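What follows is each chain in one-letter form.
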Amino acid sequence: MKTRTLKKNKVNVVTLGCSKNLFDSEIMMAQLKANKFEVQHESMDDDAEIVIINTCGFIDNAKQESIDTIIRYAEAKQDGIVDKLYVTGCLSERYKEELEAEIPEVDSFFGTRDLPRLLKTLKADYKHELIGERLLTTPSHFAYFKIAEGCDRPCSFCAIPLMRGKHVSTPIEELVKQAEGLARKGVKELMLIAQDLTYYGLDIYKKRALADLLRKLSDVEGIEWIRLHYAYPSGFPLDVLEVMKERDNICNYLDIPLQHGSTKVLKDMRRGITREKTEKLIENIRKAVPGIAIRTTLIAGYPGETEEDFQEMYDWVEQSKFDRLGIFTYSHEENTHAYSAEDDVPDAVKKERADKIMELQSGISYDLNQQKVGKTFKVLFDRVEGDYFIGRTEFDSPEVDNEVLIKKENAYVRIGDFAKVKISKADHYDLYGELVD
Ligand code: SF4
């Protein structure tokens with residue numbers, strides 16, 4: 001066993017999964033820092049005495065990635081490269097007993113709402129005065145902004161409520177305080193996230209209060225872009241669109257996972273909406289906010305999905321021309337409602353169907369992007385890569401959507417700044433342009 005001098009009280013936090021998990025890691029890191037730990041996020045230094053892995057337990061691939069990461073650090077611990085190894089997050093919430101039995105090298109496993117207990121294990125205190133405080137892991141000009149935890153929806157395929165519990169909204173005052181704190185730190189863009197954004201307020205205000213929250217957040221000085229992720233179609237609060245139209249700093253952008261385009265499959269998925277009602281909703285959204293960019297997420301290969309059902313979804317995607325689209329292959333998750341059905345679509349067919357949809361979407365994205373050539377957009381610059389400064393328009397969320405590239409040799413922009421860019425060329429997922437005054 002090789003021994004190495006590990007830095008006492010140094011913690012390396014590793015985050016897997018979604019932006020909500022990243023938010024939780026940032027909260028945890030702020031608490032650790034306030035307890036005098038030296039904290040890093042996904043450091044390659046290998047000198048941290050303590051490693052905390054915040055896992056994902058959503059679907060097969062994500063679970064496998066979490067398990068591989070735990071095993072990698074368990075081996076590092078055996079090699080003396082890590083002293084203490086802790087695991088938290090969704091996979092740990094869902095499979096604690098199994099993981100404890102299979103990977104005894106891990107010192108302790110924690111659930112998704114176990115931060116105080118995790119801190120106690122590290123002989124640290126949970127500092128209530130820090131509620132909402134975070135150590136950002138994103139570039140300092142944007143931040144994910146979780147407005148609620150958990151989910152009350154009955155979607156048949158989804159294990160998230162098993163790991164995250166019931167829907168709990170964070171009060172508006174607290175969120176406004178958090179946003180003001182982030183704006184003081186230089187954050188200009190907030191990505192609003194939750195399991196179901198549009199359910200916001202139903203628990204604590206007994207009404208859908210996303211529109212109220214948006215008005216308050218839009219008033220926070222310094223916040224120039226507010227972006228909506230994870231909206232739910234059925235019962236969609238149309239007053240949100242009014243606020244989007246009314247306020248310049250709310251991006252004309254909506255991420256709304258729709259999951260499928262066949263009413264039969266939507267029914268089996270317990271989504272509480274039909275294809276026809278979905279089409280009407282999308283039509284109303286586009287009428288209310290002309291030019292809005294709509295992102296959606298679908299599932300291919302749900303139990304019982306026939307070739308006809310898939311073709312219906314394919315035709316619907318072709319007709320709907322979503323601006324941004326992602327697709328998962330169905331993952332048979334135990335303890336979900338769908339688990340009682342037979343997972344009868346072979347993996348190869350699931351993959352083939354998902355690939356067909358993405359091929360279709362790449363053509364749609366190419367055509368839509370051609371319409372942007374010659375137009376000028378406000379762009380927020382995120383990074384430098386190779387010969388380019390790279391940024392996004394209000395129609396693009398970080399890491400998942402299109403990017404705007406301008407040549408370094410022709411211009412200079414500061415990362416984190418906005419600038420106007422005239423688009424001169426476009427391909428499937430990237431736009432190229434020049435700075436204009
Ligand atoms: S809305 Fe449905 S898919 Fe989304 S987290 Fe809730 S149960 Fe899962």
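Residues numbered from 1 in each chain as written. Predicted model: local features only at pLDDT ≥ 70, side-chain atom pairs only at ≥ 80, totals over all residues. Heavy atoms only, no water.

J.: Residue-level account of the overall build of the protein, with values.
T.: Looking only at helices and strands, the protein features 12 helices and 18 strands. By the compact-globule yardstick of 22 Å for 437 residues, the protein fits well, its C-alpha radius of gyration being 22 Å. Seen along its three principal axes, the alpha-carbon backbone of the protein occupies a region of about 60 × 55 × 45 Å. Here the protein holds 437 residues, and 57% of them are scored as buried. Contacts in the protein between residues at least 24 apart in sequence constitute 73% of all its contacts with a sequence separation of at least 6. Distance from the positive charge centre (63 side chains) to the negative charge centre (78 side chains) of the protein: 4 Å. (Helix = DSSP H or I, 4+ residues; strand = E, 2+ residues; numbered from the N terminus. Rg over C-alpha atoms; globule rule 2.2 N^0.38 Å. Buried < 20%, exposed > 50% of the residue type's maximum accessible area, 1.4 Å probe, protein only. Contact = heavy atoms within 4.5 Å. Lys, Arg positive; Asp, Glu negative; His and termini not counted. Charge placed at Lys NZ, Arg CZ, Asp CG, Glu CD.)

J.: Quick one: what's the story with the side chain of Thr-278, residue by residue and with numbers?
T.: With respect to the secondary-structure elements, Thr-278 resides in helix 10 (residues 275–288). Those residues in contact with Thr-278 that lie beyond four places of it in its chain are Leu-258, Leu-266, Ile-273 and Trp-316.

J.: Give a detailed account of the sheet that holds strand 16 (residues 403–407), specifying residues and quantitative values.
T.: Taking strand neighbours around the barrel as the criterion, the 5 strands line up as 14-15-16-18-17 in a closed arrangement whose pairing is mixed. Strand after strand, the sheet turns through a mean of 55° between neighbouring axes, direction not considered. In the sheet, strand 17 (residues 418–426) pairs with strand 18 (residues 430–436) via 6 bridges, with the strands oriented antiparallel. Each bridged residue has a counterpart across the sheet, and for Lys-425 the counterpart in strand 18 is Tyr-432. (Pairing = 2+ DSSP bridges. Axes fitted to C-alpha atoms, helices over the stretch in contact; angles between N-to-C directions.)

J.: Explain the pairing of strand 14 (residues 376–385) residue by residue, including any values.
T.: Note that strand 14 and strand 17 share 5 bridges and pair antiparallel. Residue pairing across strands places Val-379 opposite Ala-419, the latter belonging to strand 17. In this sheet, strand 15 (residues 388–392) lies alongside strand 14 in antiparallel orientation, the contact comprising 5 bridges. Considered in strand 15, the bridge of Arg-383 is made with Ile-390.

J.: Any details on the pattern of salt bridges? Residues and values, ideally.
T.: In total, this model carries 43 salt bridges according to the counting rule given. Here Lys-63 ties to Glu-333 by a salt bridge, and the two come within 2.7 Å at their closest N and O atoms. Note that Lys-63 is positioned in helix 2 (residues 60–78) and Glu-333 in the loop between strand 13 (324–329) and helix 12 (347–370), a separation of 270 residues in sequence. Like Glu-333, Lys-63 is buried. Connected via shared salt-bridge partners are Lys-10, Glu-38, Asp-45 and Asp-47. (Salt bridge = Lys/Arg side-chain N within 4 Å of Asp/Glu carboxyl O.)

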